[in-house]
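# Overview (structure and organization)
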Amino acid sequence: MALLRSSLLTFFVLSVFLSLPVSMATDDPLLSFLQCVQSAALRSMGPTATDFDPKLYVDLPLKTDLPATISAFNSLPRQSGTIPISDFNYFLKQFFDEAGSDLVYAKPVDFEPEPEGFLVKVENEVMRGWALEVHAIWKSLSRRVSDAVKTRPERHTLLYLPGTVIVPGSRFREVYYWDSYWVIRGLLASKMYDTAKAVVFNLVSLIETHGHVLNGARTYYTNRSQPPLLSSMVMEIYMRTGDVELVKGVLPALLKEHSFWVSDIHQVTIQDQEGRKHCLSRYQARWYQPRPESATIDEELSLKLSTPSEKDAFYHEIASAAESGWDFSSRWMRNSSDLTTTATTSIIPVDLNTFIFKLEQDISTFAKIIGDNSTSQKFIEVSKSRKAAIRSLLWNPNLGQWVDYWLDKHDAYQGVYSWNPDSQNSKTFASNFVPLWLLAHYPDQLTEEYDEELIINSLKKSGLIREYGIATSLSDTGQQWDFPNGWAPLQHMIIEGLASAHSKEARQLAESIAINWIKTNFAAYKKTGAIHEKCNVESCGEFGGGGEYKPQTGFGWTNGVILALLEEFGWPRDRNITC
Ligand SMILES: *[C@@H]1O[C@H](CO)[C@@H](O)[C@H](O)[C@H]1NC(C)=O
Ligand SMILES: *[C@@H]1O[C@H](CO)[C@@H](O)[C@H](O)[C@H]1NC(C)=O
Ligand SMILES: *[C@@H]1O[C@H](CO)[C@@H](O)[C@H](O)[C@H]1NC(C)=O
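Residues numbered from 1 in each chain as written. Chains lettered and ligands numbered in written order. Predicted model: local features only at pLDDT ≥ 70, side-chain atom pairs only at ≥ 80, totals over all residues. Heavy atoms only, no water.

Here is the rule: UniProt positions are given in the numbering used here, feature names are shortened, and annotations may be inferred rather than shown by experiment.
Under the annotation held in an unreviewed UniProt entry, the protein chain carries the name Trehalase and is attributed to Carex littledalei. The Catalytic activity (unreviewed entry) field of the UniProt record for the protein chain holds the comment "alpha,alpha-trehalose + H2O = alpha-D-glucose + beta-D-glucose". Under the UniProt heading Sequence similarities (unreviewed entry), the note attached to the protein chain is "Belongs to the glycosyl hydrolase 37 family."

Laid out in C-alpha cells, this is it:
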C-alpha cells in the first residue's frame, strides 16, 4: 500500500512538473524519472558531447527516496529548459551513487592464480603467461549484488541476484544472458565450477520471477530475452562435473523457458510446399517504447518517422533486435543504410531455431538423466518437429547454407504463412553457419540429413573467413553486427562445429581460424592493455567499431572464448604468437 501510494505520488509529480512525453512513460516510476534525467543530461552537455552515454543515467542508484529526488530535480535552475551543467553535475553527485556501485567486487571463491590442470596443452611460455592474465581478469569482472538492492529495490534499476555475478565489463555493468554462455566456457577452462554454477542459478532465478531469462539483470530489460543458451550452459557444466543435482534443480526452469519461446509472441506457423505445417520461432520483445538505456538515441532516430504508430512499431522492432543479441545489423533491416527499417519480428532466424532445437535436445537429455522418461520422450518428438521445420523452410541446398526467412503478410492466411522460396534471405551472414555448432553437441542430428562437405565448401567460399576471424556479414553498414566486425561467440560456435566435422580439412580450418583469432586478440591486448568486445577481422590487433556506443573492453565473452579455444587447441612451444 505504501509502495502504491508512493508510485502514485511519483507519477503525479512526474506528470505535473515534467509534462512527460507519452513515449517516455514506462509504468515504472524510477525508470521514467531516470529517463528524464537522461534527456536533461543530454541537453545540459549539449548535442555534440562526445562522452554522453544514455545508459549511464538509467543505471544510477538513488541515495534517497524517489519523491525527494524528483523534487530536487524539479527545483534545479533552468535556462530556456536546460539545466546548467554545473548544477546538473552537483545534483547527480548529491542524489545518486555511482553507476555500478550497487554491484560490489567479490573475489570468486574458487579462483586460483594457476589452477591445477589449467590449459595443459598450452606449452609456449609467452602464450601461457598471457592466458594466465586473461584468467585473472575473472577477479575484476566478478561481483555480488549489494544488500542495498535487496532492502530497497525501488531505488535501483539493478535486479537482485542471489549468487556471484560475472559482468561483461565497461558500460555493461550487469549480467547479460547469452554472454554468460561464453563466460561459463571460460570459467570451466579456469576450473571455476562453483562460479559457473552460481551464474546459472542467477539466470534460473530470473526465470522463476519473470518466466524467462532477461536480456540482462535490470528492470529496463524485463520485457525481452536474449538467445536462449541456458540449457547449453548447464550441459557444459554437467559434462565436466557430472552434477545431477544441478540438472534436477534447473530442469523445471528450462521447461518454463521452452514454453516462453514457443508461446504466441514467438511462434509462427508456416506451411511448406507439400502442405505440411511447421512451427518455428522468432524474436519479439513486448516493448513499444524507446529502450530506456538508449532512449535519447531511439527518440532521435524516430524523428524520421511521422506517426506515433510508426514510432511505436520502430521501438518494438529495435527492442526485438536487442533480444536477438545482434543489435544492430543489416540482417534485420529492410534497407541496410536505414536503421528505422529494422523489422526483426518479420524474420525467422536460423540461429534462434538452432538454439531452441538444442534446448529441446538438452531437455530430453536432462530428463533422461533424472529418470523422467516421458518428458525425455516428449522432447525428442518436439525437437524432431523443429528439425524437420528447419530442413524444410530454412535450408537452402543451392547455397549449402541455412538462411533466415522473411515473413510476408501477403503470404498469411488465418495466421498460417505459406512458404515462399523467394522469402529466404540469401545474403551471407555468419549466422547461416551457426547450425554447424550442433556437430559438436548432437552430431547425428546434422550428419543424418545434410552433406557436411557441401556446407563446409560453402563456408570456405562465402567470403566470411578473413585473415583474423570470421566476419559477421559481408556488408559494411556501420552497424556493429556487420562487416568488418568479428564477435567471439560467432567464432566459437563455427570453430567448434568445424572441429567436430568428419573431414580433416574442416578440422584444420577450425584450428587456423582459432589461431588467428587468438593472435589478433593478443596483439590488441599488447597494444591497448585490454580485451575487447569485438575485433576487426581485416586487421591484426584492431578492435571493432560502429554501432551506438563506444567500443567496450573487459570482456566477458571474448575472455571466455580465448580460454576455451586455448584449452581445445593448445599452443605448441614453437608456434609464433604474433600475427
Ligand atoms: C511488459 O510486458 C508486460 C506483459 O506483457 C506488459 O504488461 C507491460 O506493459 C510491458 N511493459 C512495457 C513497458 O511495455
Ligand atoms: C535506403 O535508405 C537510404 C538512407 O535513408 C536512402 O537514401 C535510400 O534511398 C534507401 N533505399 C531504398 C531502396 O529505399
Ligand atoms: C526409463 O528408461 C530407462 C531406459 O532407457 C529404464 O531403465 C528405466 O526403468 C525407465 N524408467 C521409468 C521410470 O520408466
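### Here we look at the packing of aromatic side chains
Threshold: Classification of ring pairs rests on two measures: the distance between centres of Phe, Tyr or Trp rings, Trp counted by its six-membered ring, which must be within 6.5 Å, and the angle between planes, read as stacked under 30 degrees, edge-to-face over 60 and tilted in between. Each helix is a run of H or I in the DSSP string that is no shorter than four residues. Each strand is a run of E no shorter than two, and both are numbered from the N terminus. Burial status follows relative accessibility: with a 1.4 Å probe on protein chains alone, a residue under 20% of its type maximum counts as buried, one over 50% as exposed, and anything between as partly exposed.
Taken as a whole, this structure holds 34 aromatic pairs when the rule is applied. Seen in terms of ring centroids, Phe-172 and Phe-555 are 6.2 Å apart; in terms of plane orientation they differ by 90°. Their pairing is edge-to-face. In this pair, Phe-172 is assigned in the loop between β3 (165-166) and α8 (179-189) and Phe-555 in the loop between β15 (534-536) and α20 (556-569), connecting sequence segments 383 residues apart. Exposure remark for Phe-172: the relative accessible area of 11% places this residue in the buried category. You can call Phe-555 buried: its relative accessible area is 2%. Plain terms: the ring middles of Trp-178 and Trp-557 are 5.2 Å apart, the flat faces sit at 90° to each other, and that makes the pair edge-to-face. Taken together, the residues Trp-178 in the loop between β3 and α8 and Trp-557 in helix α20 connect sequence positions 379 residues apart. Residues Trp-178 and Trp-557 agree in their burial class; the two are buried.

### Considerations on the side chain of Thr-375
To keep things clear, this is the line we draw: Here a polar contact is taken to be a pair of N or O atoms separated by no more than 3.5 Å, where protein atoms must pair a possible hydrogen donor with a possible acceptor and residues adjacent in sequence count only if both atoms sit in side chains. Throughout, a contact is declared for two residues whenever any of their heavy atoms are within 4.5 Å.
Looking at the secondary structure, you find Thr-375 in helix α15 (residues 373-394). On the accessibility criterion, Thr-375 (14% relative accessible area) is buried. One polar contact links Thr-375 to Asp-372, side chain to side chain, over a distance of 2.7 Å. Ignoring any residue separated from it by four or fewer positions in sequence, one finds Thr-375 in contact with Leu-255, Ile-363 and Ala-367.

### Some remarks on unusual backbone geometry
The amide bond that connects Asp-327 to the next residue, Phe-328, takes the cis arrangement and shows omega of 0°. With respect to the helices, strands and loops of the structure, Phe-328 is situated in the loop between α13 (308-324) and β6 (347-348). Cis geometry is found at the peptide bond from Phe-483 to Pro-484, where omega equals 0°. Mapped onto the fold, Pro-484 is located in the loop between β13 (469-470) and β14 (485-487). Backbone geometry at Ser-170 places phi at a positive 55°, although glycine is not the residue there.

### Considerations on the pairing of strand β2 (residues 142-145)
On a regular strand, one side chain projects to one face of the sheet and the next to the other, so that they alternate. Using the following cut-off: When DSSP finds two or more bridges between two strands, those strands count as paired.
Judged from the three bridges that link them, strand β1 (residues 103-105) and β2 form a sheet pairing that is antiparallel. Counted as the bridge partner of Tyr-105 is Arg-143 from β2. Strand direction decides the pairing type here: β2 and β3, joined by two bridges, are antiparallel. Bridging across to β3, Arg-143 finds its partner in Val-165.

### Observations concerning the site of ligand 2
Selection criterion: In this text, near means that some heavy atom of the residue lies within 4 Å of the molecule or strand in question. Only the protein chains shown count as cover for residues, with accessible areas throughout obtained via the Shrake-Rupley method and a probe of 1.4 Å. Polar here means any residue outside two lists: the nonpolar Ala, Val, Leu, Ile, Met, Phe, Trp, Tyr, Cys and Pro, and the charged Asp, Glu, Lys and Arg; Gly therefore counts as polar.
Around ligand 2 sit Lys-304, Asn-335, Ser-337 and Asp-338, and that is every residue in its neighbourhood. Residue Lys-304 places a side-chain N or O atom 3.3 Å away from an oxygen atom belonging to ligand 2. Between Asn-335 and ligand 2, the recorded distance is 2.3 Å, taken from a side-chain N or O atom to an oxygen atom. Bound to the protein, ligand 2 loses 30% of the 360 Å² it would expose on its own. Its residues assigned to classes, the shell around ligand 2 shows no nonpolar, two polar and two charged.

### Topic: the nonpolar core
This is how the line gets drawn: In these notes, a set of buried Ala, Val, Leu, Ile, Met, Phe, Trp, Tyr and Cys residues joined through side-chain atoms within 4.5 Å is what counts as a nonpolar core.
In this structure, Phe-73, Phe-96, Val-200, Leu-230 and Leu-498 are the most contacted members of the largest nonpolar core, which totals 174 residues. The greatest single-element share of this core, amounting to 10 residues, is contributed by helix α19 (residues 504-528). In contact with Leu-498, not counting residues within four places along its chain, are Leu-436, Ile-456, Leu-459, Ala-506, Arg-507, Leu-509, Ala-510 and Ile-513.

### Observations concerning the state of the cysteines
Filter applied, for reference: In what follows, a disulfide is any cysteine sulfur pair within 2.5 Å.
All chains considered together, the criterion is met by one disulfide. Note that Cys-540 is cross-linked by a disulfide to Cys-579, the S-S spacing being 1.8 Å. Because the torsion about its S-S bond is 65°, the bridge between Cys-540 and Cys-579 counts as right-handed. Remark: Cys-579 occurs in the segment after α20 and Cys-540 occurs in the loop between β15 and α20; sequence separation between them is 39 residues. Take Cys-540: its relative accessible area is 25%, and that puts it in the partly exposed class.

### Focus: the pairing of strand β5 (residues 277-281)
Two elements, strand β4 (residues 267-271) and β5, share five bridges in a ladder whose sense is antiparallel. Bridge pairing links Gln-267 to Ser-281 in β5. Between β4 and β5, which pair antiparallel one after the other, the connecting turn spans five residues, and Gly-275 there sits at a positive phi close to 85°.

### Remarks on the confidence of the model for the protein chain
Inclusion rule: The pLDDT score gives, residue by residue, the confidence of the prediction method on a 0 to 100 scale.
Confidence in the prediction of the protein chain, expressed as mean pLDDT, is 95, and 96% of residues score 70 or more. Segment residues 1-24 is flagged for pLDDT under 50; beyond a separation of four residues in sequence, or across chains, it makes 32 contacts in the model.

### Thoughts on the sheet that holds β1
Where we set the bar: All axes here are fitted lines through C-alpha atoms, helices being fitted over the stretch that makes contact, and every angle between N-to-C directions spans 0 to 180 degrees.
With antiparallel pairing, the three strands of this open sheet are ordered in space as β1-β2-β3. Edge strands, defined here as strands with exactly one partner in the open sheet, are β1 and β3. Its contacts with the sheet put helix α6 (residues 125-141) on β1, β2 and β3, and the angle it makes with β2 is roughly 20°.

### Some points on the packing of helix α18 (residues 488-499) against α20
Definition in use: Here is the rule for angles: anything less than 35 degrees is roughly parallel, anything more than 145 is roughly antiparallel, 65 through 115 is roughly perpendicular, and the remaining ranges are oblique. The sense of a crossing depends on the near helix, which, turned anticlockwise from the far helix by less than a right angle, makes the crossing left-handed and, turned clockwise, makes it right-handed.
Running from N to C, α18 and α20 cross one another at 20°; their axes reach a closest spacing of 9 Å. It follows from the interaxial angle that α18 and α20 lie roughly parallel. α20 is crossed by α18, and the crossing has left-handed handedness. Touching Ala-488, Pro-489, His-492, Ile-495 and Ala-499 of α18 are Trp-557, Thr-558, Val-561, Ala-564, Leu-565 and Phe-569, all from α20.

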